[in-house]
Amino acid sequence: NRDERLVKQTLDKATRLVMNTAKIGIQAPPKSGARYTRGGITHQSSAGGQYPATDTGFLVANIAYMVTNFVGRVTSSAPYSKYLEYGTTSMSARPFMFPSLEKNRMKILNMFKAIGLLRR
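Residues numbered from 1 in each chain as written. Predicted model: local features only at pLDDT ≥ 70, side-chain atom pairs only at ≥ 80, totals over all residues. Heavy atoms only, no water.

Explain the pattern of salt bridges to me, please; I cannot follow it from the model alone.
Side chains that carry opposite charge are capable of pairing whenever their charged atoms lie near each other. Taken as a whole and judged by the stated rule, the model has four salt bridges. The salt bridge partner of Asp3 is Arg2, with a shortest N-O separation of 3.6 Å. Across the pair Arg16 and Asp12 runs a salt bridge whose closest N-O atoms are separated by 2.9 Å. Residue Arg16 and its partner Asp12 are located together in helix H1 (residues 2-27), separated by four residues, close to a single helical turn. Look at Arg16 and you get partly exposed, because its relative accessible area is 34%. (Salt bridge = Lys/Arg side-chain N within 4 Å of Asp/Glu carboxyl O. Helix = DSSP H or I, 4+ residues; strand = E, 2+ residues; numbered from the N terminus. Buried < 20%, exposed > 50% of the residue type's maximum accessible area, 1.4 Å probe, protein only.)

Right, here's the structure in full:
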C-alpha cells in the first residue's frame, strides 16, 4: 500500500544518509593525530574521538546499508571496525557509526514527521 511504500522509502533515505555521513567523515580532513611515513607514503592519523583517517579506502568501501522488515542498518564489514568504533586498551576510540547517526538524528526524525509517522 501507499503508506507502507512511503515509510520504506523514508527509511531507505534515512539509512543512506547515516551511511554517507560515516563515509564522508572518514574521508574528510582535517585529522590531527600522529603523522608518519611508511613505505614512502606519509599518513595523517586521526586523534582519539575523531572519525578514523582513511589510508587505503578499505574501511569506506566496506560500509554498507540495508533495509529489511522496516529496519535500517548501516554496517561495516572491515574486520577492524569495532576496534575503531570502541577503541582498545592501547588505542582511543575513533567512532564513526554512532556519531553519524547522532549527526542525523533530527533530520531523520523530521523526515518521519513529514510523512505523518511521528507527531510534530
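So, next bit.
So what exactly am I meant to see when it comes to the pairing of strand S4 (residues 71-76) here?
Each regular strand displays side chains that alternate between the two surfaces of the sheet. Looking at chain direction, strand S3 (residues 63-68) and S4 are connected through six bridges and run antiparallel. By the bridge assignment, Tyr65 is partnered in S4 with Val74. (Pairing = 2+ DSSP bridges.)

I tried to follow helix H4 (residues 97-114) on my own but got confused; where do I start?
What sets the pattern is the α-helix's 3.6 residues per turn: residues three or four places apart point alike. With 18 residues, H4 ought to run about 26 Å at 1.5 Å a step, and its terminal C-alpha atoms sit 25 Å apart, in line with that. Of all the bends found along H4, the most pronounced is centred on Arg105 and spans about 50 degrees. Of the residues making up H4, those classed as buried are Met97, Ser100, Asn104, Ile108, Met111 and Phe112. Here the buried face of H4 lies against H1, S3, S4 and helix H3 (81-86). Positive backbone phi, at 85 degrees, marks Gly116, one or two positions downstream of H4. (Expected span 1.5 Å × (residues − 1). Bend = angle between axes of the 7 residues up to and from the residue. Contact = heavy atoms within 4.5 Å.)

I keep staring at H1 and nothing clicks. Help me out?
For H1, which comprises 26 residues, the first-to-last C-alpha distance of 37 Å matches the rise-based estimate of 38 Å (1.5 Å per residue) to within 8%. Among the residues of H1, those classed as buried are Val7, Thr10, Leu11, Ala14, Thr15, Val18, Met19, Thr21, Ala22, Gly25 and Ile26. Of the surrounding secondary structure, the elements contacted by the buried residues of H1 are helix H2 (58-61), S3, S4 and H4. With a side-chain oxygen lying 2.9 Å from the backbone nitrogen of Asp3, the N-terminal cap of H1 falls on Asn1. (Polar contact = N/O pair within 3.5 Å; in protein donor to acceptor, adjacent residues only side chain to side chain.)

Teacher, can you tell me more about unusual backbone geometry here?
Negative phi characterises most residues that are not glycine, and trans characterises most peptide bonds. Following Pro29, the chain continues into Pro30 via a peptide bond in cis, with omega recorded as -5 degrees. Tracing the sequence through the fold places Pro30 in the loop between H1 and strand S1 (35-38). With phi around 50 degrees, Asn69 is a residue other than glycine that occupies positive phi space. With respect to the helices, strands and loops of the structure, Asn69 is situated in the loop between S3 and S4. Relative accessible area serves as the criterion here: at 74%, Asn69 is assigned to the exposed category. Its identity is not glycine, yet Phe70 carries a phi of approximately 60 degrees, on the positive side. Topologically, Phe70 is positioned in the loop between S3 and S4.

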